[in-house]
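# Coordinate inspection notes
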Amino acid sequence: MERFKEVLKVILSFILGTALSYIIKLFTGVEQFVFILCIIIIVILLSIIVFQKYKENKIVRNAVIIFLLNDDNELLLVHNHTHRILLPPCKTMKTYEMPHQAVERVVKSQVGLTKDKYEIDERFHRKTKNLFRVLDFPAPYATQQEFSTRQSKRIRFHYSFIYVYKLKTDVEIDETLDYFPRFFSLDEIYQVEEKLKPFQDIILRYKEMVSYIEQSSINT
């Protein structure tokens with residue numbers, strides 16, 4: 001933000017200086033004063049508009065969180081570089097990026113898996129399907145608004161779209177990657193040292209999933 005302000009100041013100073021030099025050559029007296037005043041007002045108004053637009057673009061942030069489970073319904077956690085704790089693969093969505101595209105990008109960058117190595121967990125979602133001329137993508141398992149305590153001060157709202165996926169059978173995870181991906185059971189998560197333990201909402205969400213899976217197994 002500070003770097004952006006400095007660059008904008010330099011650009012505006014150059015534009016204002018050039019405009020004033022040109023006006024001074026053309027006008028004298030009252031006309032010169034009025035033109036200079038108009039230019040200053042215009043520059044101020046443009047600056048306010050630019051900063052307001054920049055602020056508006058930054059107060060809302062969307063992200064995806066991927067709960068990736070294996071055959072034992074263990075949860076994949078990675079070492080998150082931002083929060084410096086264990087979390088499911090997650091990342092802010094890029095501008096104009098759809099959630100399913102963000103999922104593929106994040107899993108590829110943090111876990112090293114291409115989209116053919118995992119699939120949507122139908123216990124929590126419906127599959128992608130064609131509806132005539134429409135491609136119907138699975139809705140998120142949940143959508144949550146995170147409190148500002150986790151975010152930069154200029155982020156007013158942070159929404160996360162949560163998806164649940166299953167690792168395909170016989171696919172192995174490379175635990176030596178930069179994010180050190182590894183599967184954890186619920187009991188193992190509880191035993192993680194406090195400074196690395198996932199946020200409570202992540203633990204509660206996973207606990208909810210495990211409970212649902214266990215209950216579904218009993219019913220069947």
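A brief look at the structure comes next. (Residues numbered from 1 in each chain as written. Predicted model: local features only at pLDDT ≥ 70, side-chain atom pairs only at ≥ 80, totals over all residues. Heavy atoms only, no water.)

## A look at the nonpolar core
If you look at the biggest cluster of nonpolar residues, it comprises 23 residues, and the most contacted ones within it are Phe 67, Leu 75, Ile 189 and Tyr 206. Those elements that place two or more of their residues in this core are strand E1 (60-69), strand E2 (75-79), strand E3 (86-87), strand E9 (157-167), helix H4 (186-190) and helix H5 (200-219). Top element by residues in this core is H5. It accounts for six residues. Those residues in contact with Phe 67 that sit more than four places away from it in its chain are Leu 75, Pro 88, Ile 162, Tyr 163, Val 164, Tyr 165, Ile 202, Arg 205, Tyr 206 and Met 209. Counting 21 residues, the second-largest nonpolar core is a separate cluster that includes Tyr 118, Ile 120, Leu 167 and Tyr 179. (Core = buried A, V, L, I, M, F, W, Y, C linked by side-chain atoms within 4.5 Å. Buried < 20%, exposed > 50% of the residue type's maximum accessible area, 1.4 Å probe, protein only. Helix = DSSP H or I, 4+ residues; strand = E, 2+ residues; numbered from the N terminus. Contact = heavy atoms within 4.5 Å.)

## Remarks on helix H3 (residues 99-111)
One turn of the α-helix equals 3.6 residues, which is why residues spaced by three or four share an orientation. Taking 1.5 Å per residue as the helical rise, H3 with its 13 residues ought to reach 18 Å, and the 17 Å between its terminal C-alpha atoms agrees with that figure. Among all positions in H3, only Pro 99, Ala 102, Val 103, Val 106, Val 107, Gln 110 and Val 111 are buried. Angular distribution of buried residues about the axis of H3 spans 125°; they occupy a single face of the element. Lining the buried residues of H3 we find E1, E2, strand E4 (90-92), strand E5 (118-120) and E9. A positive phi of about 80° marks Gly 112, the residue just after H3. (Expected span 1.5 Å × (residues − 1). Arc of directions from axis to C-beta.)

## Quick look at the side chain of Gln 110
By the secondary structure assignment, Gln 110 is in helix H3. When neighbours within four sequence positions are excluded, Gln 110 is seen to be in contact with Val 78, Pro 89, Cys 90, Lys 91, Tyr 179 and Pro 181.

## Focus: the pairing of E2
In regular strands, side chains alternate between the two faces of the sheet. The element E2 is extensively covered by neighbouring structure, given that four of its five residues are classed as buried. Summarising the sheet, E2 and strand E10 (residues 182-184) pair through three bridges and their orientation is antiparallel. If you follow Leu 76 over to E10, its bridge partner there is Phe 183. Looking at chain direction, E2 and E3 are connected through two bridges and run antiparallel. Bridging across to E3, His 79 finds its partner in Leu 86. What sits between E2 and E3 in their antiparallel hairpin is a turn of six residues, with Arg 84 showing a positive phi close to 60°. (Pairing = 2+ DSSP bridges.)

## Some thoughts on the pairing of strand E8 (residues 142-146)
Only one face of E8 is covered, namely the face carrying Ala 142, Gln 144 and Glu 146; the face carrying Thr 143 and Gln 145 is uncovered. Relative to E9, E8 runs antiparallel, the two being bridged by five bridges. Across the sheet, residue Thr 143 finds its bridge partner in E9, namely Phe 161.

## Observations regarding the pattern of salt bridges
A pair can form between side chains of opposite charge whenever their charged atoms are brought close. On inspection of all chains with the given rule, the structure shows seven salt bridges. For Asp 121, the salt bridge goes to Arg 123, with nearest N and O atoms at 2.7 Å. Residue classification places Asp 121 among the buried positions, given a relative accessible area of 3%. Between Asp 136 and Arg 126 there is a salt bridge; the shortest N-O distance is 3.3 Å. Placement of Asp 136 in strand E7 (residues 134-136) and of Arg 126 in the loop between E5 and strand E6 (129-131) is noted, with a sequence separation of 10 residues between them. Residue Asp 136 is classed as buried on the basis of its relative accessible area of 18%. (Salt bridge = Lys/Arg side-chain N within 4 Å of Asp/Glu carboxyl O.)

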